[in-house]
Amino acid sequence: MPEMTYLSAISDGLREEMRHDESVFCMGEDIGAFGGAFKVTDGFIEEFGADRVWDTPLAENAIIGTAVGAAVEGLRPVCEMQFADFIACGFDQLVNVAAKMHYRQGLAVPMVVRLPSGGGFSGGPYHSQNPEAWFLQSPGLKVVAPSTAEDAKGLIASAIRDPNPVVYLEHKHLYRRVKGEVPEGRYEVPLGKVRVAREGTDLTVISYGAMVGIALEATDDLDGASVEVIDLRSLVPLDIEGILASVRKTSKVVVLHEATRSCGVGAEVCALIAQEAFEDLDGPVMRVTAPDVPIPFSPPLERAVLPQVDDVKEACRELLAY
Amino acid sequence: MSSSPTSQAVEVTMPQMGVSVAEGTIVEWRKRVGDWVEADEPIVEISTDKVETEVPSPASGRVSEILVEAGSTVDVGTLLARIDAEARPGVAHADEGSEPEVPSSQFPVPSPGNGHGPPISPVVRRMADEHGVDLEQVEGSGRRGRVTKKDLLAFLGDKPDTRHQTPDTPAAEPALHSESPYREEEPAPAAGHQLSVMRRQIGEHMVRSIQTAAHCTTVVEADMSAIEAARGRLSYLPFVARATIAALREFPMLNATLEGDRLTVHDEVNLGIAVSLGDEGLIVPVVRNAHELSHEGLAARIKDLAERARSKKLTPDEVSGGTFTITNPGAFGALLATPIINQPQVAILDLEAVTKRPVVVGGDSIAIRPMTYLCMSWDHRALDGALAAQFLSAVRRHIEGWDG
């Protein structure tokens, strides 16, 4: 299997789907001639032509609204938001139109919105956010967040083939840092199935996206403790059974994400565990997240805000000692 | 209260509660022998004839001796208990008080000296119940001596957690977001073609009518001679329509609509006329207040509606609200038909071909006359065959006795 970066795995998955299915097309700001702000669609306009790789105006509501119409008519649009932060401008079309279309009219909306998300590079408050929790509150959308190159390719394929609107969070910090072996050709990573990133017996760290790597690093050698790391991969639908299986085994849980704390994915996972696995718990369910603040520009401040390896170690030690 | 430290023991005595009080009664011991107690933590509850109060411990340490049982009344100054001040904290009872040191934990910790032991986690409580373990027998390694799941497993000799061994684990809750049931439609088969929207609507309407109404068809034969003589360049239809309206005034039960169990007999006649649109289908525009029109007025209205139906210029109001319908495929030579009622009306009259036939007239003579069959389907839920026959006979009477 060839080794690929997380970024080229996304490109590869997208390209494979476009080659195989003529109804798949891309739209977004500067994704054509320029190849995208992060070069995910580099070379696409040469291979697929301007009819299937659209450079759009700077109007996210128009991009997503157009995609909804195309999807209802049977195409499979993949929209790129240049930064996840800009999804706020397209929010109405996504949460009020795309998400509710099947409920109201029985129509499928097989579209994907790609969100380059996350911080860690001094991008400041408009280019660093992790807005996934907004979409957990919008029934009708699916939400995925890969952490590995293999999952990045498999999940973009599943997202494109799914008949529902899917929000695909791709973490910018992983684009060129994460590499891995990626199967050639087309394959799917199923939506709604966790990945056990490492097996363990003493404690479970549940995470997704960029924080999976942080969790693995923090618990690789943690005073000899055996720490299981669960990669959610799919935030909607959540793999409830996959989460509970790990909780039943270790009875101690740290939930870790880069997004802000209140009403986040971690809150949902913690509530689920509290309700469904109360009698399997041997300690409080803990969260390690960003505090409820915007992401600062300043590198030291940003490091203070985003969860770091040491923060995860501290939480795990605290819970292991409980 | 007074206490006298010895080499290792601190004494707890019955305190002097007031100048006039000479004795006190032990109400309840808050600690047992072996319990850890903090300085100033209540150790015993006493009462005198004036007051009930708690006696704070004079020192931190382990209760080594209790000398007076609850319920006893003793003099002020009597030795009640001894505390070993040099003992180390640890677990003697599962519900023992806390370590003196405040743990550097972010978890909520009961304030020292409230008499509660370290928490028992849900999984430990459940597993102890399942295995019948007295947790006081288990050495705790967790925060403040808490018995952890690991401690319990070690105590059990690594007997596993039984609950999740059995395959009858409760089924998982379904995901909060349900999978869309929508799947793309199968591609249409190569042969044949999709019905037009109009054909599908006609189909739905007809099938619903057949499934709704108790259809029954009654036929009478009518001699069209009088109309033939009067009609000039007009078709038979406006004359038959006029005759039908006259009969409806005599038998208003046919000028009705039935919806569910509710039958409405209408004052005005809104007459539906089926208009063929050729291959496309059929539409039934409605002549409103047809009872106010002569046969000439009817002819003009029917012509206008038919023309606009074929040029697709009818308004929705002009195809709804009918109270009775006439269909007229007779121009194509058919002899008999059993039409389907236009819901929610209760009857539909079918005017078939007018053909010259030998008929018996004026007693025993045979004559050649332009004859037709008037076929009417009616809803047996709303009326019975006798009424249908009477009505049709009235239509025939008006046709045969046409006098303009």
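Above this text sits the structure in question.
Residues numbered from 1 in each chain as written. Chains lettered and ligands numbered in written order. Predicted model: local features only at pLDDT ≥ 70, side-chain atom pairs only at ≥ 80, totals over all residues. Heavy atoms only, no water.

Asks: How would you summarise the overall build of chain A if you had to cite specific residues and measurements?
Replies: A count of helices and strands for chain A gives 11 helices and 14 strands. For chain A, buried positions account for 60% of its 322 residues. For chain A, restricting intrachain contacts to residue pairs at least 6 apart in sequence, the fraction spanning at least 24 positions comes to 81%. Counting every atom, chain A has about 12,000 Å² of accessible surface; 52% of that belongs to carbon and sulfur. (Helix = DSSP H or I, 4+ residues; strand = E, 2+ residues; numbered from the N terminus. Buried < 20%, exposed > 50% of the residue type's maximum accessible area, 1.4 Å probe, protein only. Contact = heavy atoms within 4.5 Å. Areas by Shrake-Rupley, 256 points an atom, 1.4 Å probe, with all protein chains shown as cover.)

Asks: Tell me about the overall build of chain B, and please be specific about residues and values.
Replies: A count of helical and extended segments in chain B gives seven helices and 19 strands. Taking all 404 residues of chain B together, 41% fall into the buried category. A separation of at least 24 residues holds for 61% of the contacts in chain B among residues at least 6 apart in sequence. Taken as a whole, chain B presents about 21,900 Å² of accessible surface, with 52% of it coming from carbon and sulfur.

Asks: Break down the pattern of salt bridges for me, with residues and values.
Replies: Scanning all chains against the criterion turns up 37 salt bridges over all chains. B:Arg30 is the partner of B:Glu54 in a salt bridge, and the nearest nitrogen-oxygen pair spans 2.8 Å. In this pair, B:Glu54 is assigned in strand β5 (residues 52–56) and B:Arg30 in the loop between β2 (23–29) and β3 (36–37), connecting sequence segments 24 residues apart. Taking relative accessible area as the criterion, B:Glu54 reaches 40% and is therefore assigned partly exposed. Of the residues examined, B:Arg30 reaches a relative accessible area of 35% and is grouped as partly exposed. With a shortest N-O distance of 3.2 Å, B:Glu221 and B:Arg357 are connected by a salt bridge. Here B:Glu221 is found in strand β9 (residues 215–223), whereas its partner B:Arg357 is found in strand β18 (residues 355–361), with 136 residues between them in sequence. The class of B:Glu221 is partly exposed, set by a relative accessible area of 28%. The network of salt bridges with shared partners includes A:Glu17, A:Arg161, A:Arg186 and A:Glu188. (Salt bridge = Lys/Arg side-chain N within 4 Å of Asp/Glu carboxyl O.)

Asks: If you had to explain the sheet that holds strand β14 (residues 286–290) of chain A to someone new, which residues and values would you point to?
Replies: Pairing between sheet strands relies on hydrogen bonds along the backbone, with the strands arranged either parallel or antiparallel. All names here are of chain A. Taken in spatial order, the five strands of this open sheet run β9-β11-β10-β13-β14, and their pairing is mixed. At either end of the open sheet lies a strand with only one pairing partner, and these are β9 (195–198) and β14. Sheet twist, expressed as the mean angle between neighbouring strand axes with direction ignored, is 25 degrees. Pairing of strand β13 (residues 253–260) with β14, which is carried by four bridges, proceeds in the parallel orientation. Its bridge partner lying in β14, Thr 260 is registered against Ala 290. (Pairing = 2+ DSSP bridges. Axes fitted to C-alpha atoms, helices over the stretch in contact; angles between N-to-C directions.)

Asks: Can you tell me about the pairing of strand β16 (residues 324–327) of chain B, naming the residues and giving the values?
Replies: Residue and element names in this part refer to chain B. Where burial is concerned, the two faces of β16 agree: the one with Phe 324 and Ile 326 and the one with Thr 325 and Thr 327 are both buried. Taken together, the three bridges between strand β12 (residues 271–273) and β16 define a ladder with parallel strand orientation. Bridge assignment links Gly 272 to a residue of β16, and that residue is Thr 325. Here three bridges tie β16 to strand β17 (residues 347–351), and the two strands are oriented parallel to one another. Residue Thr 325 lies in a different strand from β17, and its bridge partner there is Ile 348.

Asks: Describe the packing of aromatic side chains, naming the residues involved and giving the relevant values.
Replies: As enumerated under the stated definition, the model contains 12 aromatic pairs over all chains in all. The interplanar angle of 85 degrees and the centroid separation of 5.8 Å between the aromatic rings of A:Phe91 and A:Trp134 together place this pair among those described as edge-to-face. Residue A:Phe91 is located in helix α4 (residues 91–105), and its partner A:Trp134 is located in helix α5 (residues 132–136); the two are separated by 43 residues in the primary sequence. You can call A:Phe91 partly exposed: its relative accessible area is 28%. A residue is classified by how much of its surface remains accessible, and A:Trp134, at 37% relative accessible area, is partly exposed. Ring geometry for B:Phe239 and B:Trp402: centres 5.1 Å apart, planes at 70 degrees, overall edge-to-face. Remark: B:Trp402 occurs in the segment after α7 (385–400) and B:Phe239 occurs in helix α5 (residues 237–250); sequence separation between them is 163 residues. For the pair shown, B:Phe239 and B:Trp402 are each scored as buried. Put simply, the rings of A:Tyr6, A:Phe38, A:Phe83, A:Phe86 and A:Tyr175 pair up and form one aromatic cluster. The ring centre of A:Phe34 lies 3.8 Å from the NZ or CZ of A:Lys39, which sits over that ring. Positioned above the aromatic ring of B:Tyr236 is the side chain of B:Arg231, whose terminal nitrogen or guanidinium carbon lies 4.2 Å from the ring centre. (Phe/Tyr/Trp six-rings, centres within 6.5 Å; stacked < 30°, edge-to-face > 60°. Lys NZ or Arg CZ within 6 Å of the ring centre and 35° of its normal.)

Asks: Describe in detail the environment of B:Val74, supporting the description with residues and values.
Replies: Residue and element names in this part refer to chain B. As for its placement among the helices and strands, Val 74 is situated in strand β7 (residues 73–75). With relative accessibility at 14%, the residue Val 74 sits in the buried group. Sequence separation of Val 74 and Glu 23 is 51 residues, and the distance between their C-alpha atoms is 5.5 Å. Each residue touching Val 74, except ones within four places of it in the same chain, is listed here: Met 14, Glu 23, Gly 24, Val 68 and Leu 80.

Asks: Summarise the sheet that holds strand β6 (residues 61–66) of chain B; cite the residues concerned and give the values.
Replies: All names here are of chain B. Taken together, four strands build an open sheet; the order of strands is β1-β8-β6-β3 and the sheet is antiparallel. Of all strands in the sheet, those bounded by a partner on one side alone are β1 (9–13) and β3. Alignment of β3 against β6, held across two bridges, turns out to be antiparallel. Looking at the pairing, Val 37 lines up with Gly 61 of β6.

Asks: Quick rundown of the packing of helix α7 (residues 211–219) of chain A against helix α11 (residues 309–321) of chain A? Include the residues and the values.
Replies: Residue and element names in this part refer to chain A. The N-to-C vectors of α7 and α11 enclose an angle of 60 degrees; their axes lie 9 Å apart at closest approach. Considered as vectors, α7 and α11 are oriented oblique to each other. Regarding α7 and α11, the two cross each other, and that crossing is right-handed. On the side of α7, the interface is formed by Ile 214, Glu 217, Ala 218 and Thr 219, while α11 contributes Val 309, Val 312, Lys 313 and Cys 316. (Parallel < 35°, antiparallel > 145°, perpendicular 65-115°, else oblique. Left-handed = near helix turned anticlockwise from the far one by under 90°.)

Asks: I'd like a rundown of empty space enclosed by the protein, residues and numbers included.
Replies: Residues and elements named next belong to chain A. A complete count under the given rule lists one cavity of 30 Å³ or more for this structure. Lining the largest cavity are 16 residues, and of these Asn 130, His 171, Tyr 208, Gly 209 and Ala 210 sit closest to its centre. Breaking the lining of the largest cavity down by element, the ones donating at least two residues are β7 (166–171) and β13. Residues of the lining of the largest cavity, tallied by class, amount to eight nonpolar, five polar and three charged. (1 Å grid on protein atoms, 1.4 Å probe; cavity = no way out; pocket = protein on both sides within 12 Å on 5 of 7 lines; lining within 4 Å. Points joined across faces, edges and corners; volume = space filled by probe spheres on them. Nonpolar A, V, L, I, M, F, W, Y, C, P; charged D, E, K, R; others polar.)

Asks: Explain α7(B) to me, and be specific about the residues and the numbers.
Replies: All names here are of chain B. Here α7 contains 16 residues, and its C-alpha end-to-end distance of 22 Å stays within 8% of the 22 Å for a straight helix at 1.5 Å per residue. Among all positions of α7, only Ala 388, Phe 391, Leu 392, Ala 394, Val 395 and Ile 399 are buried. Looking straight down α7, one finds that the buried residues subtend no more than 150 degrees of arc, so they occupy a single side. Those residues of α7 that are buried are in contact with β9, α4 (225–230), α5, β16, β17 and β19 (365–379). (Expected span 1.5 Å × (residues − 1). Arc of directions from axis to C-beta.)

Asks: Give a detailed account of the environment of A:Arg52, specifying residues and quantitative values.
Replies: Residues and elements named next belong to chain A. Within the fold, Arg 52 resides in the loop between α2 (44–48) and β3 (53–55). You can call Arg 52 buried: its relative accessible area is 17%. In the structure, Arg 52 is positioned 34 residues away from Met 18 in sequence and 8.7 Å away in space, judged by C-alpha atoms. Beyond its immediate stretch of four places on either side in the chain, Arg 52 contacts Met 18, Asp 21, Glu 22, Val 24, Phe 25 and Cys 26. Here Val 24 takes part through its backbone oxygen, which lies 2.8 Å from a polar atom of the side chain of Arg 52. (Polar contact = N/O pair within 3.5 Å; in protein donor to acceptor, adjacent residues only side chain to side chain.)

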